[in-house]
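# Examining the three-dimensional arrangement
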Amino acid sequence: MMTRLLLTVATIMATVPAFAEDGSGSSGWGPLAAGLAIGIAAFGGSLGQGKIGASAMEGIARNPQARGDMFIPMILGLVFVESLVIYAFAIAFLVK
Amino acid sequence: MVHFNWTQLIPGVGHDQVHVATAIAVSAGLVLFAFAGRLALGHGEAAIEPAKKFSIKGFFEVYLEAISGLTDMVVGEEGKKFVPMFAAVFMFIWINNLAGLLPGMTPATDNLNTTIALGLFSFFLYNFYGFKEHGLAYLKHFLGPLLALAPLMLVVELISHIVRPLSLGLRLQGNMMGDHTVLGIFLVLVPYGVPVIFYLLGMFVSTMQAFVFTLLTMIYISMAISHDH
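Parameters at a glance
- Residues numbered from 1 in each chain as written.
- Chains lettered and ligands numbered in written order.
- Predicted model: local features only at pLDDT ≥ 70, side-chain atom pairs only at ≥ 80, totals over all residues.
- Heavy atoms only, no water.
- Helix = DSSP H or I, 4+ residues; strand = E, 2+ residues; numbered from the N terminus.
- Contact = heavy atoms within 4.5 Å.
- Areas by Shrake-Rupley, 256 points an atom, 1.4 Å probe, with all protein chains shown as cover.
- Phe/Tyr/Trp six-rings, centres within 6.5 Å; stacked < 30°, edge-to-face > 60°.
- Buried < 20%, exposed > 50% of the residue type's maximum accessible area, 1.4 Å probe, protein only.
- Salt bridge = Lys/Arg side-chain N within 4 Å of Asp/Glu carboxyl O.
- Expected span 1.5 Å × (residues − 1).
- 1 Å grid on protein atoms, 1.4 Å probe; cavity = no way out; pocket = protein on both sides within 12 Å on 5 of 7 lines; lining within 4 Å.
- Points joined across faces, edges and corners; volume = space filled by probe spheres on them.
- Nonpolar A, V, L, I, M, F, W, Y, C, P; charged D, E, K, R; others polar.
- Core = buried A, V, L, I, M, F, W, Y, C linked by side-chain atoms within 4.5 Å.
- Buried area = accessible area lost by both parts, 1.4 Å probe.

### Section: the overall build of chain A
Along chain A, the regular secondary structure elements total 3 helices and 0 strands. Reading chain A from its N terminus to its C terminus gives the helix and strand order α-α-α. Looking at chain A alone, contacts between residues at least 24 apart form 62% of all its contacts between residues at least 6 apart. On chain A, roughly 6700 Å² of surface is accessible, and the fraction owed to carbon and sulfur atoms is 72%.

### Focus: the packing of aromatic side chains
Residue and element names in this part refer to chain B. Applying the stated rule across the entire model yields 17 aromatic pairs over all chains. On the numbers, 4.9 Å between centres and 70 degrees between planes, the contact of phenylalanine 131 with tyrosine 138 is edge-to-face. When its relative accessible area of 37% is taken as the criterion, phenylalanine 131 is described as partly exposed. Since its relative accessible area comes to 1%, tyrosine 138 is described here as buried. Grouped by ring-pair contacts, the aromatic residues Phe33, Phe59, Phe60, Tyr63, Phe90 and Trp94 constitute a single cluster.

### As for the pattern of salt bridges
Residues and elements named next belong to chain B. According to the stated counting rule, one finds 1 salt bridge over all chains in the structure shown. The partner of aspartate 72 in a salt bridge is lysine 80, and the shortest N-O contact between them spans 3.4 Å. The class for lysine 80 is partly exposed, based on a relative accessible area of 42%.

### A look at helix α1 (residues 18–41) of chain B
Residues and elements named next belong to chain B. Look at α1: 34 Å from first C-alpha to last across 24 residues, which is about the 34 Å you get at 1.5 Å a residue. Where α1 is concerned, the buried positions are Val18, His19, Ala21, Thr22, Ala23, Val26, Leu30 and Gly37. Elements in contact with the buried residues of α1: α3 (56–74), α4 (83–99) and α5 (112–134). After α1 finishes, the residue glycine 42 shows a positive phi value of roughly 80 degrees.

### Describing the layout of surface pockets
If you add up the space inside the second largest pocket, you get close to 620 Å³. Looking at the lining of the second largest pocket, the elements that each hand over two or more residues are α2 (30–62) and α3 (67–95) of chain A together with α6 (150–189) and α7 (195–225) of chain B. Its residues assigned to classes, the lining of the second largest pocket shows 15 nonpolar, 7 polar and 3 charged.

### Side note on the nonpolar core
Membership of the largest hydrophobic core comes to 45 residues, with the highest contact counts inside it found for B:Phe86, B:Leu215 and B:Ile221. When residues of this core are traced back to their parent elements, those giving at least two are α3 of chain A together with α1, α3, α4, α5, α6 and α7 of chain B. When residues of this core are assigned to their parent elements, the largest contribution, 12 residues, is made by α7(B). Not counting chain neighbours up to four residues away, the residues in contact with B:Ile221 comprise B:Phe82, B:Met85, B:Phe86, B:Leu125 and B:Tyr126.

### Digging into the environment of B:Leu98
Residue and element names in this part refer to chain B. With respect to the secondary-structure elements, leucine 98 resides in helix α4. Given a relative accessible area of 26%, leucine 98 falls into the partly exposed group. As for leucine 98 and alanine 148, which are separated by 50 residues in sequence, their C-alpha atoms are 49 Å apart.

### So, the interface of chain A and chain B
Listed by partner, the interface residues are 14 residues for chain A and 18 residues for chain B. For the pair chain A and chain B, the two sides together bury roughly 1300 Å², of which 82% comes from carbon and sulfur. For the interface between chain A and chain B, the tally reads 0 salt bridges. For the side of chain A that touches chain B, a count of residues per class yields 11 nonpolar, 2 polar and 1 charged.

Following this line, the structure appears as structure tokens:
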């Protein structure tokens, strides 16, 4: 398992100089960085949003009458999580 | 991905002014729609009567009732005078977002210049109304609840206030750009059938982002003019 992981990392590192020889002027790490940025951001953001959705569902199940009052705070929580992911998306576009 | 816009066919509109042309076209459509709504409303007794079937009048009634109810919920009683502004902001962003779903159109909200301008509008507005409501005492909002913590809170609050227009603009633009990028990629991958799902997703995202922008503007205003501090 460990050797395979190391092998994968070594392969990725070995292929990076090949990208760099395109003559684009950048170091060639851009696509990897962009993919990692949006990937990690989506990972954390979706965990957070899942937690918000789960809590809202739980709250509605316990007290269905509070659905209307819960809606706006839930949307706000989702929005603030999502905006961080959107920042990562913008950064991914910048470094691409 | 296709880099063609219908608005580029207008003479004098180059590659850089596409979003301006789209914004002007959409705004002109909105102004016409608003006049049509005003005419459909009628005068006197007829204006008070609700629309019998779904028409332009019925649409505006439903729309304004929704915005007014939301304002009541978020801002409270003193929010009544802001309802036209919220309704206008929502409608402008919503129709601009939806214009991007027409093939060969890039919405104005896909460009940071438009969205940051909208964010700055919201920023200046809530600060203006904060000063109008509280006078110079509005500045106390930036100092936090405890005097001992004031130097620390000032920095935190200033940063959080300065970031607000940027985050409003970036959120709207990022969502719109992301949505269209996904749609574009899937149009290239599978040209038939599958992109329909992403058009539906696009409609959802357009509505949601317009709603979120309006909701955040409401919350900022209600925080600026609230008295319970």
